[in-house]
Amino acid sequence: MPAETIIKTNSLTKRFDSKLSGILAVDNLDIEVRRGEVFGFLGPNASGKTTTIGMLLGLIAPTSGTIELFGEDTAHNLPRLLKRTSAVLESSAFYPHLSGYDNLIIFAGTIGGIEKCRIDEVLETVGLRKRASSKVRTYSLGMRQRLSVATALLNDPELIIMDEPANGLDPSGIIEFRELTKSLGEQGKTVFISSHLLHEIEQTCDHVAIINKGRVLAQGSVNELLHRGKMLQISVPDPDTASDLLMNLDWVKTIEIDDSHIFVEITSEKAAEVNRILVTGGIAVSEIKMSENSLEDFFLDAIDEITRKPEEDNA
Ligand SMILES: Nc1ncnc2c1ncn2[C@@H]1O[C@H](COP(=O)(O)OP(=O)(O)OP(=O)(O)O)[C@@H](O)[C@H]1O
Ligand SMILES: [Mg+2]
């Protein structure tokens, strides 16, 4: 049975209207995030990530479309649903002259019902226990980001939404943050994390939606999208016959041919098997090459595809 759906948007749309023009920031967006996923929301600048997150959290009113959190429509149940959710947004404000611990005490006071031992727990989770009594103004950016996550964890949320949390972090800060995000996933939290950094999403997330200009270009498991471009390019004298030999195998996803090649998209490491089948079938294989596209290639292809269709864009 598939895991429970935690976030679902249905044709979610936001148009910002000004006197002169309207900006279509989010355009019929359909995404689905399931329990326990570390879900990357990947898109370049101005693709609508922050606007979408604003709508998920009830900070921005959608122009049209609906949002379900935990299977319930947010139009009617938002305060109750947000109690099960936390957010780490671009600018978390702390009192710089107070310690990390005291900042958490203050945040806990605004939520209510948080025990002091919970503060120790969240400090431990984000790796700030040793620096808990230092003033926040002495914290690095990475430590401040981790303190933001600590505040978001206070109410033990099932869903954590983070908007570009890796922004501005140096490489070691990014690695620490990645480990923290993964550990949240391992604890069974559902994590929704926006980023314009392909490698970050590739290394941190198990699922991804790639967006551009407010539209979803692709979504699925990171592995699925990675394998999507795994092609064998095989040089053969008779591509039609070679294609017939392979076309009914369940691990062959697509086959294309030209005059002297066959291009086979496969689900796993089956190059040797393809070679064996062709040779046994009497085909003289002169060359086999594997090309594996990274998520980055896929992302760039997808962006390229959409920018080649400007007439469809009404932003
Ligand atoms: N309050 C607003 N009024 C008018 N236009 C807005 C407003 N907020 C966002 N936009 C526009 O909506 C589009 C999407 O913006 P958004 O901030 O959601 O993108 P983003 O993917 O978060 O970008 P970034 O990676 O730069 O953070 C942009 O064209 C932006 O200029
Ligand atoms: Mg943004």
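Please refer to the structure placed before this passage.
Residues numbered from 1 in each chain as written. Chains lettered and ligands numbered in written order. Predicted model: local features only at pLDDT ≥ 70, side-chain atom pairs only at ≥ 80, totals over all residues. Heavy atoms only, no water.

Student: Sorry if this is basic, but what is going on with the layout of surface pockets here?
Tutor: It is a probe the size of a water molecule, rolled over the atoms, that shows where empty space is left. In this model, the largest pocket occupies a volume close to 510 Å³. Mapped onto the lining of the largest pocket, the elements with two or more residues apiece are helix H2 (74-82), strand E7 (85-88), helix H3 (100-111) and helix H5 (141-153). In terms of residue class, the lining of the largest pocket is made up of eleven nonpolar, eight polar and one charged. Around the second largest pocket, the lining is made up of 17 residues, and of these Ala25, Asn45, Ala46, Ser47 and Gly48 lie nearest the centre. At the level of secondary structure, the elements contributing two or more residues to the lining of the second largest pocket comprise strand E2 (22-29) and helix H1 (49-56). When grouped by side-chain class, the residues that make up the lining of the second largest pocket number seven nonpolar, seven polar and three charged. (1 Å grid on protein atoms, 1.4 Å probe; cavity = no way out; pocket = protein on both sides within 12 Å on 5 of 7 lines; lining within 4 Å. Points joined across faces, edges and corners; volume = space filled by probe spheres on them. Helix = DSSP H or I, 4+ residues; strand = E, 2+ residues; numbered from the N terminus. Nonpolar A, V, L, I, M, F, W, Y, C, P; charged D, E, K, R; others polar.)

Student: Explain the environment of Gly281 to me, please; I cannot follow it from the model alone.
Tutor: Structurally, Gly281 is set in the loop between helix H10 (271-280) and strand E15 (287-291). Given the relative accessible area of 40%, Gly281 is considered partly exposed. Distance in space between the C-alpha atoms of Gly281 and Leu245 is 7.3 Å, their sequence separation being 36 residues. (Buried < 20%, exposed > 50% of the residue type's maximum accessible area, 1.4 Å probe, protein only.)

Student: Sorry if this is basic, but what is going on with the site of ligand 1 here?
Tutor: Around ligand 1 lies a shell of 13 residues, among which Asn45, Ala46, Lys49, Thr50 and Thr51 are the nearest. Contact between ligand 1 and Ser47: an oxygen atom at 3.1 Å from a main-chain N or O atom of the residue. With respect to ligand 1, the backbone of Gly48 contributes an N or O atom lying 3.0 Å from an oxygen atom. Burial of ligand 1 by the protein amounts to 61% of the accessible area it has alone, namely 630 Å². Judged by the fraction of its atoms near the pocket grid, ligand 1 is located in the second largest pocket. Every element with two or more residues in the shell around ligand 1 is listed here: E2 and H1. Here the shell around ligand 1 takes three residues from H1, the largest share from any one element. Here the shell around ligand 1 is composed, by residue class, of five nonpolar, five polar and three charged. (Near = heavy atom within 4 Å. Polar contact = N/O pair within 3.5 Å; in protein donor to acceptor, adjacent residues only side chain to side chain. Areas by Shrake-Rupley, 256 points an atom, 1.4 Å probe, with all protein chains shown as cover. Sits in = over half its atoms within 2 Å of the grid points.)

Student: Please explain the packing of aromatic side chains as it appears in this structure.
Tutor: Given two aromatic rings, one states the distance between the centres and the angle between the planes to describe the pair. According to the stated counting rule, one finds three aromatic pairs in the structure shown. An aromatic cluster is present here, built from Phe39, Phe41 and Phe192 joined pairwise through their rings. Positioned above the aromatic ring of Phe70, the side-chain terminus of Arg84 is 4.0 Å from the ring centre. Between Lys270 and the ring centre of Trp251, over which it is positioned, the NZ or CZ distance is 5.0 Å. (Phe/Tyr/Trp six-rings, centres within 6.5 Å; stacked < 30°, edge-to-face > 60°. Lys NZ or Arg CZ within 6 Å of the ring centre and 35° of its normal.)

Student: Any chance you could explain the packing of helix H9 (residues 239-246) against H10 here in plain terms?
Tutor: Relative to each other, H9 and H10 sit at 120°, their axes nearing to 10 Å. Pair H9 / H10 crosses with right-handed handedness. Here Ala242, Leu245 and Leu246 of H9 come into contact with H10, specifically with Val274, Ile277 and Leu278. The class makeup of the residues in the contact of H9 with H10 is six nonpolar, no polar and no charged. (Axes fitted to C-alpha atoms, helices over the stretch in contact; angles between N-to-C directions. Left-handed = near helix turned anticlockwise from the far one by under 90°. Contact = heavy atoms within 4.5 Å.)

Student: Is there a simple way to explain the pairing of strand E1 (residues 5-17) in this structure?
Tutor: Consecutive side chains of a regular strand alternate in pointing toward one face of the sheet and then the other. For E1 and strand E3 (residues 32-34), the ladder comprises three bridges, and the chain directions are antiparallel. Along E3, the bridge assignment pairs Thr5 with Arg34. In this sheet, strand E5 (residues 64-69) lies alongside E1 in antiparallel orientation, the contact comprising five bridges. By the bridge assignment, Lys8 is partnered in E5 with Glu68. Relative to E2, E1 is paired through five bridges, and the arrangement is antiparallel. Bridge assignment links Leu12 to a residue of E2, and that residue is Leu29. (Pairing = 2+ DSSP bridges.)

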